[in-house]
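# Report on the structure
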Amino acid sequence: FNGGIIMTIHFGDSTSIATATGLGAKILKYATFTHDGYATGNYTGGAPNSSSMGYQLFSTSYTPAAADSTCVVITSSVTVGEASNFTNHFHLALWNGGGFVSAVGGAGRYTSFNSWLNVATLNYVGSFASGNTSARNIMMRVGCNDTGILYINGNPNSAGSITGSSNRFTALLLEIAA
């Protein structure tokens, strides 16, 4: 650690991040993006680099503080499941402006589930170069490789509340100085 100063950033939802300023990294700016509640629908399948694939969790404007910074995105988990056995691969994708950044994906092989229905819990960690200080939309989409009914961040058989902030997906963007 070399004697650096530890700084903790506290967010409004009672979470925090500890960082060490003695390690050479400096947070220029941060932003959080959220999606509250449960979604279900017949969503278009396809590759994760298709901007029309799946369900849009959020698309929000962000203006980087520096043109030479790196933006790191870390998310909470999102669950996605199928209503009928039509897909075996789910993905969570990040977009920076009009450009695809990357995606995470997969699903377990659940041969003992009822009707072989598949479900996955996905978390994303990735980064991109800011490139400039122009405003752009940061977008995340969740979907699968085929078209069909998906349950996102909820279970239709649940007897409890599946709406609002009790079912929140959050992405944290940290802009790090070069």
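See the structure above.
Procedures and definitions
- Residues numbered from 1 in each chain as written.
- Predicted model: local features only at pLDDT ≥ 70, side-chain atom pairs only at ≥ 80, totals over all residues.
- Heavy atoms only, no water.
- Helix = DSSP H or I, 4+ residues; strand = E, 2+ residues; numbered from the N terminus.
- Buried < 20%, exposed > 50% of the residue type's maximum accessible area, 1.4 Å probe, protein only.
- Contact = heavy atoms within 4.5 Å.
- Polar contact = N/O pair within 3.5 Å; in protein donor to acceptor, adjacent residues only side chain to side chain.
- Salt bridge = Lys/Arg side-chain N within 4 Å of Asp/Glu carboxyl O.
- Pairing = 2+ DSSP bridges.
- Axes fitted to C-alpha atoms, helices over the stretch in contact; angles between N-to-C directions.

### What about the environment of Tyr62?
Within the element layout of this structure, Tyr62 appears in strand S5 (residues 55–62). By relative accessible area, Tyr62 is classed as buried at 4%. C-alpha separation for the pair Tyr62 and Asn137, spaced 75 residues apart in sequence, amounts to 6.0 Å. Sequence-distant contacts of Tyr62, defined by excluding residues within four places in its chain, comprise Lys29, Ala31, Phe33, Cys71, Ser134, Ala135, Arg136, Ile138, Leu173 and Glu175. In this structure the side chain of Tyr62 is engaged in a polar contact, spanning 2.5 Å, whose partner is the side chain of Glu175.

### Quick look at the pattern of salt bridges
Taken as a whole and assessed by the stated rule, the structure comprises one salt bridge. The salt bridge involving Asp36 is made with Arg168; its shortest N-O contact spans 2.7 Å. Separated by 132 residues along the polypeptide, Asp36 in strand S3 (residues 27–36) and Arg168 in strand S14 (residues 168–176) bring together distant segments of the chain. In this structure Asp36 comes out as partly exposed when scored by relative accessible area, which is 36%.

### A short note on the sheet that holds strand S13 (residues 148–152)
Hydrogen bonds between backbone atoms are what pair the strands of a sheet, whose relative direction is either parallel or antiparallel. Reading across from one edge, S4-S13-S7-S10 is the order of the four strands in this open sheet, with antiparallel pairing throughout. Each of the sheet's edge strands pairs with one partner strand only, and the pair in question is strand S4 (39–43) and strand S10 (119–122). Each adjacent strand pair in this sheet contributes to an overall mean axis angle of 25°, direction not counted. Judged from the three bridges that link them, strand S7 (residues 78–82) and S13 form a sheet pairing that is antiparallel. The partner of Val80 across the bridge, within S13, is Ile152.

### Digging into the sheet that holds S3
In spatial order, the strands read S3-S14-S6-S11; together these four strands make up an open sheet with antiparallel pairing. The strands lining the two open edges of the sheet, one partner per strand, are S3 and strand S11 (125–129). Direction aside, the axes of adjacent strands within the sheet are offset by 20° on average. Both strand S6 (residues 70–75) and S14 contribute to a ladder of six bridges, which runs antiparallel. When the sheet's bridge partners are listed, Thr70 is paired in S14 with Ile176.

### Regarding the side chain of His35
Structurally, the position occupied by His35 is in strand S3. The class of His35 is buried, set by a relative accessible area of 11%. Within the structure, the side chain of His35 is placed 2.7 Å from the side chain of Tyr55, a separation counted as a polar contact. Beyond its immediate stretch of four places on either side in the chain, His35 contacts Tyr55, Leu57, Asn167, Arg168 and Phe169.

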